[in-house]
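Analysis of the macromolecular model
This is what each chain is made of:
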Amino acid sequence: MSDFEEFVAPPECPVFEPSWEEFGDPLGYIAKIRPVAERSGICKIRPPLDWQPPFAVEVDNFKFTPRIQRLNELEAQTRVKLNFLDQIAKFWELQGSTLKIPNVERRILDLYSLNKIVVDEGGYEGICRERRWSRVAQRLGYPPGKGIGSLLRSHYERVIYPFYTFQSGASLACQPGPQFDSEEKDREYKPHSIPLRQSVQPPKMNSYGRRAKRLQAETEPTEADIAKNPELKKLQIYGAGPKMVGLGLVVKDRASRKRDKDCLDCPPTLVVKEEPVDEHKVEVCVLEPCAQVKEERAVTDPSGKMTMRLRKGAASMLQLDSYVCVICSRGAEDSKMVLCEGCEDTYHTVCLIPPLPDTPRGDWRCPKCVVEECKKPAEAFGFEQATREYTLQSFGEMADSFKSDYFNMPAHMVPTELVEKEFWRLVSSIEEDVTVEYGADIHSKEFGSGFPTKGGKRQLAPEEEQYTTCGWNLNVMPVLEQSVLCHINADISGMKVPWLYVGMCFAAFCWHIEDHWSYSINYLHWGEPKTWYGVPAYAAEQLEAVMKKLTPELFESQPDLLHQLVTIMNPNILMSHGVPVVRTNQCAGEFVITFPRAYHSGFNQGYNFAEAVNFCTADWLPAGRRCVEHYRWLRRYCVFSHEELICKMAACAERLDMGLAAAVHKEMFIMVQEERQLRKALLDKGITEAEREAFELLPDDERQCDKCKTTCFLSALACYNCPDRLVCLFHIHDLCECPPARHYLRYRYTLDELPAMLHKLKVRAESFDTWAGKVRAALEPDTKPKRTLEDLHALVAEAQERKYPDSGLLQQLRSSVQETERCITEARRLAAGKGGRAQADVAETEHKLTVEELRTFIKHLHGLPCDIGLVQDVQEVLEECEAFQQRTRAALRELPAGSVELRELLEEGGRLAVQVPEVARLRSQALQTEWLREVREALSGRARVTLELLRPLVDVGSRLQAQPAVDNAMLELNELLAIAERWEEKAHICLKARQKHPAAMLEAIIKEAENIPVELPNVQALKDAMSKARAWIADVEEIQNGDHYPCMDDLEGLVAVGRDLPVRMDELPHLESQVAAAHTWREKATRTFLKKNSCYTLLEVLCPCADVGLDSVRRAKWKRAKDNQLDKADNEGLGLSAQDIRDPGSIILAFKEAEQKEKEGIRELRGGGAGGCVCGGPAGGPSLQCELCGGRFHTSCVPCPCLPWPRRGAAWWDWDVRFLCPLCQRSRRPRLQLILSLLVALQKLPVRLPEGEALQCLTERAIVWQDRARRAMAAREVGAALEGLDEARRRLQADRAKDRSRLGPQQRKVDEHKTEVVETTEGKDTKPAGAAAGVDELRLESPALELSETVQQQLEELMIDGDLLEVTLDENHNLWKVLQAMRCPPHEKMQTLLQIEKLESKLAKLRGRDSAEKRRKRKLDRSDSLPLAEEEEAEEEELEPGEVKRPKEEGERGKGEAQDVGVSPSSVTHNGVEHL
């Protein structure tokens, strides 16, 4: 875009937004907007918002093959430049060289413009003679100075001048002028080869780069490159620049030019890039040069660069004697010869002017063949068809990817202005070659329309059915009754049948007009906008002239170029030459209409789907006739026969629309007159033979004029001797050379039949005039006598029956009929209400006429075009109203307000059929009287008036007519309402204030508000709140003055009530602090006793388990609690009511009773009533028996105790392998010292908690049991037994020492190392190999001591009572060791525990070990989660009975896995091992 660097958008085209009524008649609306829109050529129509047709294309089955568009080949001027460059490139290619375009001032030199300017300035010789190269540089836009003119001359001589010389056919004997190296590297030009590319299939894959550079910089090979590359060594000449051997070649070294000055046969070292060609296509005759030439070449290039690579197989050449040089007529005796690939002439290399330095590689053509090849005419330009087939989805993905990659932003965010400017920049650039694809002219008959159609494959919803018959459906519009195309039987694709268009960014449609200059309509179903440019019809010839003037080369090869839809030109260029251009952006859901002979073009902003079709209306017929004449001049084929269309419409004139009939009559009259003159010319020529021919039955290609390609219908001229030839009557002299006697006329209608058809059209058109005369006479107001309403209806029916146009006269007739019917209806209503017969309720709801309107209505009745016969009745109604007005005025002056007479007059006026102003005065007075009565009753009543009553009274009074009594009452009401609302607002603020007010302030507000005689809801709510506050304070005093501390539930209830009251009470913060302290103590006790995720409440744990004997109940309750299905109540532990829980004596008594039930129940379980595992599964697999209840539990369901380490030498009765099930051990069982600290904190609380009472009872029970245990252990028999146990322990340790002494030093060291590993490894989860030893290695001996049966039974009973305590005591552990030593060693339990250890060890190896840093962090996290140091100590030291402290890492891992299922970490570990 050299002349227009920045694209300036043309003005916008008209945009129309029809109403629903206008939208209902598509062709009528287009005819309505045509006077405005036609001046722009195109227009845009936005349908109503609710018009949204469904997209009916089957997306999955829609497959199409798009066209390929190279953008810079579309623009006319750019294509001329590219064609010129292709011709030069072809010229140099024939010389075995590649065209390279020079760079001047950092931009590519425009060779086309340079050549054109040189020709305009007088040619190369003239410019050189007058030294005007600086002027050439200035016209090309280069700055003055810098020697640009000399550089341009050098480039012209080197690149263009040889081509120009060959084209002109001049002699090439002149020596080239001085040459200059380019200051910048040249760019290699890759020819477009447009005709060649269109004749072959395109590649299967197309790449879309943002900048596909056709012009690429290429560096010259260095000396090192030549040394490395053997191919470069074989080349005689190399380098950058388009060079033909001997014509303007650049010397590589200026010094070498001087040295080679005397050598005329061999030029200096030359720089050229040669295209590799197939060697088998070249025949070269080689003769060895003389010794002098060899010697000179060696001097010229010692490195051997002058040696040219000859074709292989040169030995197998033809006889050299048969070749003779065309120039010197000598043979190949003493010089090299070359053979032309075109004409096969031979030349000496030294005879050519200028001479060739050596035999060229590849194909070579002589100067004569080069001229012939370059002068071949170019083929017509067109679009290629892509080879890849797309679906809508794949094409959309490709299109969106291309646009987003090109602009480097999401496709939908690129501004339309940016796309528009970039499009026009690309189409005008020869440097950038951007390729896009466009799915254009896709037949909807084959692929399906985007609009729904009847009988389509898509199932339509009921609300979508309307779109199948809508006139704006592009399948329906061409065949509407007002459309001309509905009279063509054939389905003309693109005209009667829509075409589909699938576009992408930059995909363009070029300047064109529609076939037969018809209308076109385009609808964008969805996608990104489509940018349009339009030129009105009156400027069509001006546009054609501008394009022919600017690009004459294109029109010379293609005179009908603008009919091929392959050429575009920048709108700014057209506008600069005076062509009016408009533009618009068509968005989804919008129509664009082009008018007859309006040129239009455009491009797509991105991925979209559009549909288009043609249509023709009556006003198109003259344009259609002129188009056929234009086609006849261009010798262009017609899509259909215009004459046939006119005659077909004339044959059915009675079915034509009146406007269409008139237009057809005018066109046919012109056609008949023209046909008469043409047939008369035949008679003058002497042609008299004729025969009738039904042309409509012949195919179009059999009735086309051989001269102008027009489709014949009315007549044609044929020859008996030349049956294959046919011409229209405009070209009767171009049929053949046969005598006129052999010619004959083929006609469709005789000259007598054509006037008959014309007469039918005239009758059809003139019948409207007759009808119009009747209508005008009927509507004339002074017509006597007047017509009846039935006569008017008959005229309307005649217009509908004969399909008269919807003219202004018909609309006036319909309006008159409608107005007459309305007047009759109104007159009947008035006559029905005569004499007050109208119903009051009906009269109130209907619109009534005023008296003045009634007088106007009577005048209007007299002016109607027909007589309705009700005028007298309406006149009587008017007289009745006037009499009522007189009586009412007198009564209002004389009678007092509220009298019975006035009320009667009001009722009478309400029954009148006319609105009388005096009735309004009566009604206003009655309303005032009624309102004043209501005000008196409201203010004088004994009860307080409410705001709900006061506000409506004020509202009604404000709408009453001003009167002293009303004004006084309103003043009193407004004052009272203002005071009430002010106090109501104060009370509302007190109720809703965030900062509560003291009781004294609220009491004062309530006291003052009681003086207002209005019932105030907020003040009443404030009173209720104060009453509740006083009752709350009384309850607090009663609780605080009682004999015992208040219960926690009572305090919480008081705090909740006090917080909700809008009164500030000093006692509330004190109560809140007490409740908070109680909650803190309870939470502390909960953390001390309850396990994590425990299913028991604190009170349940602290109280004895009274239902321990009911094992099924206990298990069901435990399972429901685990499943979060049990509602835990605080008083559930003792089964007391809310009232009993307040009595300390009741709590102690209930605790004692529950303790006794617990003991009895556990003895029943131990006697055989214990059930199975908590999981409810069948017995089997490893299991452990609870020491307390006797039940057996799977090791995978419960936590298991661990064997101590090291085991060897330890006394087995010291091992704490006691197992208590989760039903028996319900809590953490803290130590007694920690419980005593909780009791000390409890004593400081001024609140009674059920948990506190239970904790006191539990502590007392534990102390009593501890005392009993100490006394039992202090007995003489037990003391002696303990001494025996000490002796047995020492004996085991001595045996261990002997075993170690028998081991060698090395083995002892290993054993010590194993023990050290166990004791020092961080995390404590690594044990030496063989740690899980067999039961035989543990030295489990028989019972270590014996006690009497009485003592043994006493100790066992004591042990049971101690296990029931949820407290950890040292006496309990000591007692367990004594009892275990009395029994046989538990081999089965030991074996089970050893198996569990082995499985845990394997699982630990599979899971791997955490790093020391992770374990340290987890340890810190666990310490942070425990708020009290003593709680941490309780967690570390006071473990559950039967459970030895686990390694921390293993415990952490187990806890995380066990939270979801409610079981201990050990059980999850065991389950994991079992699954493994």
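Structure first, text after, so check above.
All figures in this text were calculated on a predicted structure; none of them were measured in a lab.

With that settled, the discussion passes to the packing of helix H35 (residues 1017-1040) against helix H37 (residues 1067-1089). Packing of H35 against H37 leaves a shortest axis separation of 11 Å and a crossing angle of 50°. The angle between H35 and H37 falls in the class oblique. The two elements H35 and H37 cross, and the hand of that crossing is left-handed. Along the contact surface, H35 presents Trp-1032, Ile-1033, Val-1036 and Gln-1040, while H37 presents Glu-1067, Leu-1068, His-1070 and Leu-1071. The residue inventory of the contact of H35 with H37, partitioned by class, reads five nonpolar, two polar and one charged.

With that out of the way, let us pick up helix H36 (residues 1048-1060). Here H36 is 13 residues long and its end C-alpha atoms lie 19 Å apart, about the 18 Å a rise of 1.5 Å per residue gives. Considered for burial, the residues of H36 that qualify are Met-1048, Leu-1051, Leu-1054, Val-1055 and Gly-1058. Angularly, the buried residues of H36 cover 130° about the axis, an arc narrow enough to put them on a single face.

Within soluble globular proteins, side chains that are nonpolar tend to cluster in buried spots. Core analysis: the largest hydrophobic core is formed by 117 residues, its most contacted members being Trp-931, Val-1014, Phe-1089, Cys-1186, Leu-1255 and Leu-1355. With ten residues, helix H33 (residues 964-992) is the single largest residue contributor to this core.

With that settled, the discussion passes to the side chain of Ser-1094. Examined against the element boundaries, Ser-1094 turns out to sit in the loop between H37 and helix H38 (1098-1102). What makes Ser-1094 buried here is its relative accessible area of 17%. A distance of 3.2 Å separates a polar atom in the side chain of Ser-1094 from the backbone nitrogen of Tyr-1096.

This paragraph deals with the packing of aromatic side chains. Enumeration according to the criterion identifies 43 aromatic pairs in this entry. Relative to Trp-472, the ring of Phe-23 has its centre 4.7 Å away and its plane inclined at 5°; by these criteria the two rings are stacked. Taken together, the positions of Phe-23 in helix H1 (residues 20-23) and Trp-472 in the loop between helix H17 (466-469) and strand E15 (499-503) put the pair 449 residues apart, joining distant regions of the chain. One exposure class covers both Phe-23 and Trp-472, and it is buried. Judged by centre distance (6.3 Å) and plane angle (40°), the rings of Tyr-438 and Tyr-501 are tilted. Taken together, the residues Tyr-438 in strand E14 (residues 435-443) and Tyr-501 in strand E15 connect sequence positions 63 residues apart. Taken as a pair, Tyr-438 and Tyr-501 share a single burial class, namely buried. Cluster of aromatic residues (ring-pair linked, three or more members): Phe-7, Phe-402, Tyr-406, Phe-407, Phe-423, Trp-424, Phe-506, Tyr-533 and Phe-603. Geometry around Tyr-749 places Arg-748 over its ring, the cationic atom sitting 4.6 Å from the centre.

Our next topic: the sheet that holds strand E17 (residues 519-527). Taken together, nine strands build an open sheet; the order of strands is E1-E2-E20-E17-E22-E15-E14-E4-E12 and the sheet is mixed. Unpaired on one side and paired on the other, strand E1 (15-16) and strand E12 (384-385) mark the two borders of the sheet. Most of the contacts of helix H2 (residues 26-37) go to strand E2 (residues 42-45), to which it runs at about 130°, and overall it touches E1, E2, E17, strand E20 (591-594) and strand E22 (608-615). Against the sheet, helix H14 (residues 392-407) makes contact with E14, E15, E17 and E22, and its axis sits at roughly 150° relative to E14, the strand it touches most.

Looking now at the state of the cysteines. Among covalent bonds in proteins, the disulfide is the one between the sulfur atoms of two cysteines. Inspection of the entire model under this criterion finds zero disulfides. Its sulfur unpaired, Cys-722 is 3.9 Å from the next cysteine sulfur, which belongs to Cys-738.

Angle between the axes and distance between the axes: these two values describe a pair of packed helices. At a closest axis distance of 10 Å, the pairing of helix H21 (residues 621-634) and helix H22 (residues 642-651) adopts a crossing angle of 150°. One finds that H21 runs roughly antiparallel with respect to H22. Contact residues: Leu-621, Gly-624, Arg-625 and Val-628 in H21; His-642, Ile-646 and Met-649 in H22. Residues that form the contact of H21 with H22 fall into these classes: four nonpolar, two polar and one charged.

For the rest of this paragraph, the subject is the pairing of strand E4 (residues 67-70). Relative to E12, E4 runs antiparallel, the two being bridged by two bridges. Each bridged residue has a counterpart across the sheet, and for Arg-67 the counterpart in E12 is Gln-385.

It is worth spelling out the pattern of salt bridges at this point. Per the stated rule, a full pass over the model turns up 48 salt bridges. One salt bridge in this structure joins Glu-590 and Lys-44, with 3.5 Å as the shortest N-O distance. In this pair, Glu-590 is assigned in the loop between strand E19 (582-586) and E20 and Lys-44 in strand E2, connecting sequence segments 546 residues apart. For Arg-679, the salt bridge is made with Glu-675, and the minimal N-O distance between the two is 2.8 Å. Here the residue Arg-679 and the residue Glu-675 both occupy positions in helix H23 (residues 658-685), the gap between them amounting to four residues, near one helical turn. With a relative accessible area of 9%, Arg-679 lands in the buried category. Among the charged side chains, a network of salt bridges with common partners joins Asp-120, Glu-121, Glu-130, Arg-132, Arg-135 and Arg-139.

Scoring rules and cut-offs
Residues numbered from 1 in each chain as written. Predicted model: local features only at pLDDT ≥ 70, side-chain atom pairs only at ≥ 80, totals over all residues. Heavy atoms only, no water. Axes fitted to C-alpha atoms, helices over the stretch in contact; angles between N-to-C directions. Helix = DSSP H or I, 4+ residues; strand = E, 2+ residues; numbered from the N terminus. Parallel < 35°, antiparallel > 145°, perpendicular 65-115°, else oblique. Left-handed = near helix turned anticlockwise from the far one by under 90°. Contact = heavy atoms within 4.5 Å. Nonpolar A, V, L, I, M, F, W, Y, C, P; charged D, E, K, R; others polar. Expected span 1.5 Å × (residues − 1). Buried < 20%, exposed > 50% of the residue type's maximum accessible area, 1.4 Å probe, protein only. Arc of directions from axis to C-beta. Core = buried A, V, L, I, M, F, W, Y, C linked by side-chain atoms within 4.5 Å. Polar contact = N/O pair within 3.5 Å; in protein donor to acceptor, adjacent residues only side chain to side chain. Phe/Tyr/Trp six-rings, centres within 6.5 Å; stacked < 30°, edge-to-face > 60°. Lys NZ or Arg CZ within 6 Å of the ring centre and 35° of its normal. Pairing = 2+ DSSP bridges. Disulfide = S-S within 2.5 Å. Salt bridge = Lys/Arg side-chain N within 4 Å of Asp/Glu carboxyl O.

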